[in-house]
Structure formats: C-alpha cells, structure tokens
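Here are the chains, one letter per residue:
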Amino acid sequence: MQEIKNLSATSINHILDTLDSLEEEKEISCALPGNGFLHIEKELPYLAIYRRKRDDRGTRRFILSEASYLVIGTEQFENYQKLIYALSDRNSTKFKSYLLFEIYSGEVSSFKFRIKGPDKRLPSTLKTLKENLLAVNEEFSGIYLDAEISDSSERQAPADSALMNIEEAKNCGAVMVGLEIPPVYRDEHNKLYPVFFRGFKDYLINAMHRCFFEFIRVQTSSGVASYNALGRKYLKQIIFDIDKQLTNIETSYQFLWLVSPSNIREIKNEFFNSKFEKVPDYHYRLLPIDPDVLKRRLYNLKLEDIDDPAMSFLFREKREELDMQITMLSERGTKNFMYDGIRLYKGIDHDLCEAATNILTQVPEENDREGEDLLDARAFSSMARKEFDYFREQDENFKCKVHIRDDVNVMMVSHGELYIPADYKMKRIEAEALIQHEVGTHVLTYYNGKTQPLQQLSIGLADYDPLQEGLAVMSEFMVDGLTANRLRILAGRVLAGKVLMEGGDFQQIFRLLKTEYGFGDERAFNITSRIMQGGGFLKDIIYLKGLVMLNKHLREGGDYEPLLAGKYGIKHTEIIKELTERHVLNPVKIKPSFLHSEKMYEKLKLIRQGLSLPQMVCK
C-alpha cells in the first residue's frame with residue numbers, strides 16, 4: 001500500500017502512471033491525506049465515493065467491498081477534486097463514459113432514498129437503482145422506505161461542495177450520481193443496529209452493483225459480463241485470517257469419528273445373538289477438545305468486520321454449523337443430540353419421505369449371488385490409482401495417495417487420501433461405482449477445493465454434505481453402478497430417520513425396515529445402528545436428500561461441472577458463480593473420467609426428460 005501525504009499534481013500523475021502500468025493481476029491501494037483512501041483493482045468505468053464525516057457511523061462501509069472506490073479525507077478537498085477529474089478524464093477516454101457514484105447519509109428522521117442524477121441521460125440506470133432500492137421493503141419487515149429520482153444539478157449532500165460542476169463533468173467525460181441513504185441502520189445517538197446493519201449493507205451493495213452494471217451495459221464499452229463480477233477480486237487479509245481460523249477449529253476434532261460408537265461389533269453380536277431384542281449401550285471415544293474453549297475461539301472471530309457480503313454470509317453460516325457440531329459433541333448419548341441434529345441436517349420433509357417410500361415400494365431388494373466375481377483391496381486400489389493417474393495428467397501437482405490399512409473397517413477419504421480396509425471385498429460393478437463415489441467425487445472435490453484461495457472449499461462450506469453425497473451417488477449412476485440395494489439403503493435411511501424423529505427406538509426401526517420394507521438382517525442393522533448413534537444421528541438422510549436436490553438441479557437445466565470446484569452446498573451455486581466471475585475463485589482444476597463422456601450425456605438427457613429416482617437403478 002502506498003502512502004501519499006500530499007495530493008499534489010505530481011502524486012496524482014504518479015497514481016495515473018501506476019494505473020497505466022497496472023498488470024492484470026495487480027491492484028492499487030493508496031492512503032491519502034486526511035484519512036482518505038483509494039482502491040482500484042480492476043479497470044472499471046465507475047468510482048464509488050464517500051466523504052469522511054463525523055458522527056456518520058456505518059455509511060463508509062457501503063463502498064469498502066467495491067473493486068473501485070475512493071474515500072475522501074478531511075483535508076485537501078480541492079486536491080481530491082483534481083484527482084477525481086484526472087481519473088474521470090483518463091477512464092472516460094477508455095470506456096466512453098465514467099460514473100462518479102457518491103453516497104452519503106440523510107437526516108436522522110429520513111426514510112427515503114434520494115437518487116440525484118441526470119434522469120434523461122441515464123434513464124435505465126437510475127430506474128434500475130430505484131426499483132432495487134424500493135424492493136428493500138420486501139426484504140426487511142418493520143420498516144417502509146421510499147425512493148425518488150431527482151434530476152438536479154446538485155448531486156452531493158446539501159451542506160457539501162460539489163465534486164465538480166456539470167460543465168467540468170462534461171469536459172472530462174464523467175457522469176455524477178448521488179445517493180442519499182436514510183440512516184435507518186443506526187439510532188439517534190449514532191450507534192449501529194448491528195444485525196440489521198449487516199443485512200441492510202449487503203442488500204444495498206447488491207442494489208448498487210445492479211445499478212453499476214446497467215450503466216456499464218448501456219453507456220460504456222466495458223466487457224463486464226454481469227453484476228456478479230463487480231465485487232473485489234483481491235479479498236482483504238481479514239478474510240483469509242478468519243478462513244484459516246475456521247479451518248483450524250474444524251480440523252481440531254473429527255466429528256463423525258467422535259459420534260460413532262467404539263463398540264459397534266459388540267453391539268451387533270449382542271443384538272443378533274439375542275434374536276434382535278437386546279441393544280447394549282453405545283460407547284464413545286473421549287473428546288480431544290473442550291467444547292467451551294472451542295466456542296470461545298469461534299465467537300472471538302470478528303466476522304462483523306467483513307464488508308464483503310458473499311464472504312460474510314459464508315463465514316456466518318459456517319460458524320453456526322460448527323457451533324451446532326460442538327454442541328452435539330458435548331451432548332452425545334442424550335435426546336438433545338437428536339434435536340440438535342434435526343436443526344443441523346434440516347429434518348425430513350414430506351417430499352423426501354415420499355421419494356424414499358416410492359423407492360422402497362418400487363425397487364425390490366436383490367439377493368447377493370453366490371460365486372460372483374469379487375475384487376479384493378489390492379485390485380480395488382489398482383483401479384483407484386488409475387483414476388489418480390488420470391487426475392495427475394490434468395494437474396501434475398496432484399499428489400494424493402491410496403492406502404490399504406488393517407486399522408480401518410470402512411472405506412473412507414480423509415484429507416484427499418483414500419483408505420481401504422485390508423480385508424475389503426466387493427463386486428466389480430460396486431467397485432466401478434465406488435471409484436467414482438470416493439475418488440471421482442470426494443477426493444476430487446477436496447483437491448479442487450485445495451487449489452482455491454479459501455481453505456473452506458476443501459473442508460466444506462456449511463451444509464455442503466447433501467450436495468457432496470448427491471454428487472457421489474449421481475456419479476455411481478453415471479458409470480452404470482447404482483444398484484437396487486444401494487438406492488434402497490439411501491431410502492431406508494430416510495424412513496429410519498422419520499421413525500426416530502417420531503420417537504421410535506432401535507428395535508422398532510429395525511423391525512420396520514425388515515418386515516415392512518424387506519431389508520435383510522445385515523442391511524437393516526447397518527441402517528438402524530447408524531441412525532441411532534450419538535442418541536439419534538440424522539446425517540444419513542443427506543444421501544437421498546442430496547440426490548433429490550441434484551436431480552432437480554439437473555432437470556431444471558443446471559450445470560454439473562461447476563459443482564466439482566470444491567465442497568459446497570447447492571444453495572451456494574449463485575455465490576460460487578459470483579466469486580468465480582469476480583476471479584476470487586478458480587475454475588474446476590481436475591475432472592472425473594466420466595465427465596463429458598457420451599454415456600453421461602445420455603444419462604443427463606434422461607434426467608432432464610424426467611427420469612424418476614426408482615428408474616435410476618442400473619441393471
């Protein structure tokens with residue numbers, strides 16, 4: 001960051017020279033006189049402007065997430081005017097026009113946005129701004145704000161001097177617009193309403209971006225593709241600091257490991273030996289962390305200092321999710337564990353239950369065939385390494401490995417590494433499906449997430465699990481490996497969760513799966529024992545929930561490939577798209593072998609034609 005104490009003609013020329021030589025991957029940030037600041041990281045045909053004032057808490061933060069903004073300090077105003085004129089003259093030559101968009105707060109009693117600008121010259125730009133500002137009343141209850149357009153030559157606050165007069169603006173190719181914001185985000189003593197301010201700020205930034213994009217689209221030669229691309233590319237350091245701290249908190253414990261029973265084999269033996277009557281108590285591993293200490297670390301993170309709306313939303317979601325997980329760890333073995341899980345995994349709605357019931361009534365359980373060709377752990381690891389080689393061809397930095405271990409009893413992916421039990425055996429069709437489930441989805445999205453600047457994309461944004469498992473199951477379908485029994489297990493987990501929420505116990509859930517839905521003893525036990533761990537654990541419902549959500553996304557024309565850029569939820573697709581268009585995030589680095597194959601295109605066509613879930617069973 002440069003520090004300019006005197007905004008002279010020489011320093012203004014230096015700023016312009018720096019902009020002229022600015023490489024595509026760089027930014028300019030200058031501390032200016034009187035606590036002013038200039039930030040430009042993209043060649044954009046607008047400049048968001050705020051003047052520092054006393055007793056004006058919050059207003060400045062409406063522009064701090066912009067890729068192009070100027071905070072006018074409390075000294076050398078005439079020199080700031082010269083800087084603004086020089087920037088306008090330079091950029092209007094390049095873009096045909098240059099928007100100077102100044103914001104300021106209105107009177108304490110104001111409930112009206114006042115847009116001051118050339119209505120006849122910028123009709124669509126100002127109309128877009130007004131419409132989006134009026135829509136704020138649909139977003140927030142308890143207030144009603146009006147908006148008006150004033151075609152006045154005075155575009156600044158009543159007590160302020162103009163940035164330049166209209167004639168000067170014409171000479172340098174600038175168009176000036178002023179936005180007076182009703183200060184409903186603070187009280188009469190200049191104290192913010194913090195929760196309302198956060199939402200109001202994010203909404204206002206979005207409205208401003210839509211206005212800027214309309215100006216760019218109609219009035220300039222800039223090639224900006226959408227309003228999503230207008231935020232900052234270079235995030236502030238506080239965002240990376242908080243991203244790292246959230247990651248450190250989450251990786252300090254293994255949630256699934258800690259809620260799984262350590263005596264599952266004893267439970268199974270006792271249950272089967274007693275003819276499905278006795279269920280021993282679940283035993284859990286000791287917590288390696290102090291929940292109170294972790295929560296203190298979690299809420300010491302200053303998320304309120306983040307001005308970027310997208311990042312603020314993602315981090316707040318993640319903090320809430322980690323808070324719930326930590327609470328659940330301290331409540332293992334109690335009823336509260338189940339109630340916390342309902343909140344964390346969003347429960348089971350009618351449509352999901354109906355989808356599960358349709359699968360179990362339309363898809364019969366298949367009997368395992370004797371003498372069928374089985375692959376052992378070594379054969380499977382060889383298949384997995386071939387997929388890893390395919391990833392390495394796309395990115396030579398791919399270093400993930402396959403491990404065959406005696407001390408694991410289920411296949412799993414941890415930190416991008418694949419772990420296979422030494423005694424694992426599977427049918428060949430299951431092996432092909434598992435390769436794409438574990439490697440083509442879980443390993444791949446972990447690695448793609450690791451190539452992003454935000455660590456959260458490798459360990460998972462809040463509520464990422466349903467999409468992650470939906471993608472994993474969908475990949476099984478894409479390679480003709482989604483079997484009847486596999487789909488039935490996903491459905492059985494949902495209905496087991498429903499009975500759990502209705503107060504059912506271990507024996508009731510087991511009997512329901514076995515007698516009413518035709519599950520064999522082993523599969524009924526596996527479903528029941530997993531849903532009952534911790535005191536009632538609803539995580540297993542996300543597999544079918546994710547498949548239903550992904551099926552709907554694809555049926556409505558949604559893209560598949562961008563979903564592989566990291567670990568995030570289906571609800572995050574627009575934010576991920578925005579951050580990608582802003583060049584904060586990178587495109588997908590490595591892709592699974594089935595992607596864009598002829599078989600996949602045929603399968604996508606079937607889904608978009610309305611293929612039902614029971615029809616997804618691969619014969």
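For the structure, see preceding data.
Quick caveat, the model's predicted, so the values are computed rather than measured.

## Digging into the pairing of strand β2 (residues 28–32)
Part 1: For β2, the tally of buried residues reaches 5 of 5 residues, placing the bulk of the element in the interior.
Part 2: Both faces of β2 are covered, namely the face carrying Ile-28, Cys-30 and Leu-32 and the face carrying Ser-29 and Ala-31.
Part 3: Taken together, the 2 bridges between strand β1 (residues 2–3) and β2 define a ladder with parallel strand orientation. Across the sheet, residue Glu-3 finds its bridge partner in β2, namely Ala-31.
Part 4: With 5 bridges connecting them, β2 and strand β3 (residues 36–40) associate as antiparallel partners. What sits directly across from Leu-32, in β3, is Gly-36.

## Observations concerning empty space enclosed by the protein
If you roll a probe as big as a water molecule over the atoms, it shows you where there is empty space left.
Part 1: Under the counting rule described, the total for this entry stands at 3 cavities of 30 Å³ or more.
Part 2: The volume enclosed by the largest cavity comes to roughly 70 Å³.
Part 3: Grouping the amino acids of the lining of the largest cavity by side-chain chemistry returns 5 nonpolar, 1 polar and 4 charged.

## Focus: the sheet that holds strand β4 (residues 46–51)
Part 1: Overall, mixed pairing links the 9 strands, which are arranged β1-β2-β3-β5-β4-β6-β9-β7-β8 in an open sheet. Both edges of this open sheet fall to β1 and β8 (146–150), since each of them pairs with a single strand only.
Part 2: Of the pairings in the sheet, the one linking β4 to strand β5 (residues 68–72) comprises 4 bridges and is parallel in character. Paired with Tyr-50 across the two strands is Val-71, which belongs to β5.
Part 3: On the sheet, helix α1 (residues 9–20) packs against β1, β2 and β3 and is oriented at approximately 170° with respect to β2.

How each quantity is defined
Residues numbered from 1 in each chain as written. Predicted model: local features only at pLDDT ≥ 70, side-chain atom pairs only at ≥ 80, totals over all residues. Heavy atoms only, no water. Buried < 20%, exposed > 50% of the residue type's maximum accessible area, 1.4 Å probe, protein only. Helix = DSSP H or I, 4+ residues; strand = E, 2+ residues; numbered from the N terminus. Pairing = 2+ DSSP bridges. 1 Å grid on protein atoms, 1.4 Å probe; cavity = no way out; pocket = protein on both sides within 12 Å on 5 of 7 lines; lining within 4 Å. Points joined across faces, edges and corners; volume = space filled by probe spheres on them. Nonpolar A, V, L, I, M, F, W, Y, C, P; charged D, E, K, R; others polar. Contact = heavy atoms within 4.5 Å. Axes fitted to C-alpha atoms, helices over the stretch in contact; angles between N-to-C directions.

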